[in-house]
Amino acid sequence: MNPPKPWPDPSPVDGVLLSSLKKGVVEYDEVAIESACLTIINRSMDTYMAIFEGLVAGMDEVGRLFDCQEYFVPELLMCADALYTGLNMLKPHIKHNAGGAKIKRDVIIGAIEGDIHDIGKNMVKMVFDTAGFTVLDMGRDTSIDRFVHEAVKLESPLILVSCMMSTCKPRVEKLIRKLKKDAPGAIIMAGGAFIGPEDSISMGAHGGANNAHSALREAIRMLSAVNKMGSISDEQNKPSIP
Ligand code: B12
């Protein structure tokens, strides 16, 4: 069963606008996206929902078209540009919610060395930003040394590693080993196309998640446990959310 979405079901009119965003990404139609975004903003619609149910849903469809060889890399690049056009318009209108559990809120995030995919990483970043975390974004193709350097400097932050390429997974495992040695107080989560919560844990991380919202929930659960216990034990080191 999918975890509940953090927004109510859209109204029929909202649904039409979400479909326009989705179609705009799939058809890399930046003009259509701009026009739908303007209407969404003018209607004071939930822009957070619009990003996930419209733009990200469109990119999921693009992934499917790539898998069945209807789309190739040039289309992917244009779809990504279209998605970012919408994201840049909608992001400033997201309502922030910094309330909730009293926990340390320093996060570092990056896509692992060799991986230039950054849409998923940026979605995860946005969700943590919106929840009041201070996020240091190291971007894509981030070296192991940079991850470790920032983790040590920030003293036990939450570390989020994004990896979309199966060929980069061994590098994520190497990074996790190094982080556990050099920044032992940090909580580490890995995620991406081929890294679900169980994979992340079997690679040595403390937790993982299949999407940005679950990542936030899981991170808050682990950070709260650390707050209570002082460190995260193997027993707590289990994903609670699919
Ligand atoms: C768009 C895309 C591209 C774009 C990326 C644009 C950009 N700025 O990111 C471009 C065209 C550049 C690209 C390039 C390539 N790509 Co590409 N790409 C994709 C595609 C279609 C969609 C990815 C995406 O953005 N999804 C939408 C976002 C929102 O979802 P997401 O990334 O999965 O993120 C969510 C979760 O995974 C999770 N998450 C993500 N990070 C993290 C981190 C943590 C800590 C947690 C908890 C969760 C989490 O939360 C996110 C939000 O909910 C995927 C297919 C797919 N189905 O994933 C292929 C895919 C990832 N690409 C693939 C490949 C092979 C390539 C290329 C090698 C192609 C080529 N021949 O050149 C190059 C890679 C170059 C490199 N060195 O990295 C393969 C990888 C296969 C594999 N076995 O590794 C895929 C899976 C396609 C496929 N089915 O073959 N790609």
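Report on the accompanying structure. (Residues numbered from 1 in each chain as written. Predicted model: local features only at pLDDT ≥ 70, side-chain atom pairs only at ≥ 80, totals over all residues. Heavy atoms only, no water.)

**Side note on the overall build of the chain**
Right, on to step 1. Counting secondary structure elements, the chain contains nine helices and five strands.
Right, on to step 2. Along the chain, helices (α) and strands (β) appear in the sequence α-α-α-α-β-α-β-α-β-α-β-α-β-α when read from the amino end.
Right, on to step 3. For 242 residues, the compact-globule estimate of 2.2 N^0.38 gives 18 Å, and the C-alpha radius of gyration of the chain, at 18 Å, lies within 12% of that figure.
Right, on to step 4. With the C-alpha coordinates aligned to their principal axes, the bounding extent of the chain is approximately 50 × 40 × 35 Å. (Helix = DSSP H or I, 4+ residues; strand = E, 2+ residues; numbered from the N terminus. Rg over C-alpha atoms; globule rule 2.2 N^0.38 Å.)

**Regarding the site of the ligand**
Right, on to step 1. Neighbouring residues of the ligand: 36 residues in total, closest D67, H117, D118, S162 and S166.
Right, on to step 2. Within the side chain of D67, an N or O atom sits 2.5 Å from a nitrogen atom of the ligand.
Right, on to step 3. In this structure, an oxygen atom belonging to the ligand sits 3.1 Å away from a main-chain N or O atom of A212.
Right, on to step 4. Among the elements of the structure, α3 (47-67), α4 (73-90), α5 (119-130), β3 (158-162), β4 (187-191) and α9 (212-229) are those that each provide at least two residues to the shell around the ligand.
Right, on to step 5. A breakdown of the residues in the shell around the ligand according to their chemical character gives 22 nonpolar, ten polar and four charged. (Near = heavy atom within 4 Å. Polar contact = N/O pair within 3.5 Å; in protein donor to acceptor, adjacent residues only side chain to side chain. Nonpolar A, V, L, I, M, F, W, Y, C, P; charged D, E, K, R; others polar.)

**Observations concerning the sheet that holds β4**
Right, on to step 1. Strand order in this open sheet of five strands is β2-β1-β3-β4-β5, and the pairing throughout is parallel. Of all strands in the sheet, those bounded by a partner on one side alone are β2 (134-137) and β5 (207-208).
Right, on to step 2. Here four bridges tie strand β1 (residues 106-111) to β2, and the two strands are oriented parallel to one another. Looking at the pairing, V107 lines up with V135 of β2.
Right, on to step 3. Contacts from helix α6 (residues 144-154) reach β1, β2 and β3, with the element oriented near 180° to β1.
Right, on to step 4. Here helix α7 (residues 169-182) sits on the sheet in contact with β3 and β4, set at roughly 175° to β4. (Pairing = 2+ DSSP bridges. Contact = heavy atoms within 4.5 Å. Axes fitted to C-alpha atoms, helices over the stretch in contact; angles between N-to-C directions.)

**Re the nonpolar core**
Right, on to step 1. Membership of the largest hydrophobic core comes to 53 residues, with the highest contact counts inside it found for F52, F128, F133 and L158.
Right, on to step 2. It is α3 that provides the largest number of residues to this core, a total of ten residues.
Right, on to step 3. When we break this core down by domain, the ones giving at least three residues each are domain 1 (12-93) and domain 2 (106-229).
Right, on to step 4. Beyond its immediate chain neighbours, meaning those up to four positions away, F128 contacts V107, F133, V135, L158, L160, A215, L216 and A219. (Core = buried A, V, L, I, M, F, W, Y, C linked by side-chain atoms within 4.5 Å. Buried < 20%, exposed > 50% of the residue type's maximum accessible area, 1.4 Å probe, protein only. Domains from an automatic or database assignment.)

**Re the coordination of the cobalt atom of the ligand**
Right, on to step 1. Donor atoms from the protein around the cobalt atom of the ligand number only one, H117 (NE2), found at 2.2 Å.
Right, on to step 2. Here H117 shows up in the loop between β1 and α5. (Donors = N, O, S within 2.8 Å, 3.2 Å for Na, K, Ca; no water.)

**Here's the deal with the packing of aromatic side chains**
We describe a pair of aromatic rings using the distance from one ring centre to the other and the angle between the two ring planes.
Right, on to step 1. All told, the structure shown has five aromatic pairs when counted by the stated rule.
Right, on to step 2. On the basis of an interplanar angle of 25° and a centroid distance of 6.0 Å, the ring pair of W7 and F52 is categorised as stacked. Of this pair, W7 sits in the segment before α1 (12-26) while F52 sits in helix α3; the two residues are 45 residues apart in sequence, bridging distant segments of the chain.
Right, on to step 3. Among the residues examined, W7 registers a relative accessible area of 9% and is labelled buried.
Right, on to step 4. Put simply, the rings of W7, Y48 and F52 touch in pairs and so form one group of aromatic residues.
Right, on to step 5. One Lys or Arg, R105, reaches over the ring of F133 and ends 4.9 Å from the middle of that ring. (Phe/Tyr/Trp six-rings, centres within 6.5 Å; stacked < 30°, edge-to-face > 60°. Lys NZ or Arg CZ within 6 Å of the ring centre and 35° of its normal.)

**Let's talk about the pattern of salt bridges**
Right, on to step 1. Taken as a whole, this structure holds eleven salt bridges when the rule is applied.
Right, on to step 2. For the salt bridge of K121 with D137, the shortest nitrogen-to-oxygen distance reads 2.9 Å. Taken together, the residues span a long stretch of sequence, with K121 in helix α5 and D137 in strand β2 at a distance of 16 residues.
Right, on to step 3. In this structure K121 comes out as buried when scored by relative accessible area, which is 3%.
Right, on to step 4. Across the salt bridge formed by R146 and E150, the nearest N and O atoms sit 3.0 Å from each other. Taken together, the residues span about one helical turn, with R146 and E150 both in helix α6 at a distance of four residues.
Right, on to step 5. Judged by its relative accessible area of 7%, E150 is buried. (Salt bridge = Lys/Arg side-chain N within 4 Å of Asp/Glu carboxyl O.)

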